[in-house]
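# Remarks on the overall topology
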Amino acid sequence: QVQLVESGGGLVQTGGSLTLSCAFSGSSFSNYVMAWYRQAPGKQRELVAKITNSGTTTYTDSVKGRFAISRDNAKTTVSLRMNSLKPEDTAVYYCNAIWRIGYNFWGQGTRVTVSS
């Protein structure tokens, strides 16, 4: 069974930076598309960024140019570097791993709070 453990959340001021990390275990990491989602209070969970097993990345428009997703297949980790943080980035961030139907896993989430 896949396990995802996020770390790196916290409190940061507007304009600051944070790096989130997600440790993957329990299956073959290279099979999975990895992604970061977030859920702000009172809002639906949204896709922030994803990276395929070949390294192709996509981002939601609101974070383009500020966030960068990366993966290390040897260490089976995925990271999200977040720069120029804004109060609207405040949310619980979730790591996601998806391969095919029935192989969709979530981490427990890590909270990011950006103070104005």
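Residues numbered from 1 in each chain as written. Predicted model: local features only at pLDDT ≥ 70, side-chain atom pairs only at ≥ 80, totals over all residues. Heavy atoms only, no water.

It is worth spelling out the packing of aromatic side chains at this point. Summed over all chains, the structure comprises six aromatic pairs. Judged by centre distance (5.8 Å) and plane angle (55°), the ring pair of Tyr-32 and Trp-99 falls under tilted. One end of the pair, Tyr-32, is in the loop between strand 3 (18-25) and strand 4 (33-39); the other, Trp-99, is in the loop between strand 9 (91-98) and strand 10 (104-106), and 67 residues separate them in sequence. We classify Tyr-32 as buried; its relative accessible area is 0%. Measuring from centroid to centroid gives 6.3 Å for Tyr-32 and Phe-105, while their planes differ by 55°, and the two rings are tilted. Note that Tyr-32 is positioned in the loop between strand 3 and strand 4 and Phe-105 in strand 10, a separation of 73 residues in sequence. (Phe/Tyr/Trp six-rings, centres within 6.5 Å; stacked < 30°, edge-to-face > 60°. Helix = DSSP H or I, 4+ residues; strand = E, 2+ residues; numbered from the N terminus. Buried < 20%, exposed > 50% of the residue type's maximum accessible area, 1.4 Å probe, protein only.)

Now for the state of the cysteines. Per the counting criterion, the structure on display carries one disulfide. Linked covalently through their sulfurs, Cys-22 and Cys-95 form a disulfide whose S-S length is 2.1 Å. Where Cys-22 bonds to Cys-95 through sulfur, the torsion about that S-S bond is close to -85°, and the disulfide is left-handed. In this pair, Cys-22 is assigned in strand 3 and Cys-95 in strand 9, connecting sequence segments 73 residues apart. (Disulfide = S-S within 2.5 Å.)

Before going further, it helps to spend a moment on the nonpolar core. The biggest cluster of nonpolar side chains holds 29 residues, and the ones touching the most others in it are Leu-4, Met-34, Trp-36, Leu-80, Met-82 and Tyr-93. For this core, the elements supplying multiple residues, two or more each, are strand 3, strand 4, strand 5 (46-51), strand 7 (67-72), strand 8 (77-82), strand 9 and strand 11 (110-115). Here Met-82 is in contact with Gly-16, Ser-17, Leu-18, Leu-20, Arg-66, Phe-67, Tyr-93 and Val-112, once residues within four sequence places are set aside. (Core = buried A, V, L, I, M, F, W, Y, C linked by side-chain atoms within 4.5 Å. Contact = heavy atoms within 4.5 Å.)

Its place among the elements puts Asn-96 in strand 9. Reaching out from Asn-96, the side chain makes a polar contact with the backbone oxygen of Phe-105 at a distance of 3.0 Å. Not counting chain neighbours up to four residues away, the residues in contact with Asn-96 comprise Leu-4, Val-33, Met-34, Ala-35, Tyr-37, Asn-104, Phe-105 and Trp-106. (Polar contact = N/O pair within 3.5 Å; in protein donor to acceptor, adjacent residues only side chain to side chain.)

A separate point is the sheet that holds strand 7. Pairing is antiparallel in the open sheet, where four strands are placed in the order 1-3-8-7. Edge strands, defined here as strands with exactly one partner in the open sheet, are strand 1 (3-7) and strand 7. In this sheet, neighbouring strand axes are inclined to one another by 15° on average, regardless of whether the strands run parallel or antiparallel. Bridging between strand 3 and strand 8 involves six bridges; their strand directions are antiparallel. Across the sheet, Ser-21 pairs through a bridge with Ser-79, a residue of strand 8. (Pairing = 2+ DSSP bridges. Axes fitted to C-alpha atoms, helices over the stretch in contact; angles between N-to-C directions.)

A side chain of one charge can pair with a side chain of the opposite charge when the charged atoms of the two come close. Inspection of every chain in the model, using the stated rule, returns four salt bridges. As a salt-bridge pair, Glu-46 and Arg-38 come within 2.7 Å of each other at their nearest N and O atoms. On the basis of relative accessible area, Glu-46 is assigned to the partly exposed category, the value being 32%. The class of Arg-38 is buried, set by a relative accessible area of 5%. Among the salt bridges present, the one from Asp-89 reaches Arg-66, with a minimum N-O distance of 2.8 Å. With Asp-89 in the loop between strand 8 and strand 9 and Arg-66 in the loop between strand 6 (57-59) and strand 7, this residue pair connects regions lying 23 residues apart in the sequence. Across this residue pair, the class does not change: Asp-89 and Arg-66 are buried. Connected through shared salt-bridge partners, Arg-38, Glu-46, Arg-66 and Asp-89 make up one network. (Salt bridge = Lys/Arg side-chain N within 4 Å of Asp/Glu carboxyl O.)

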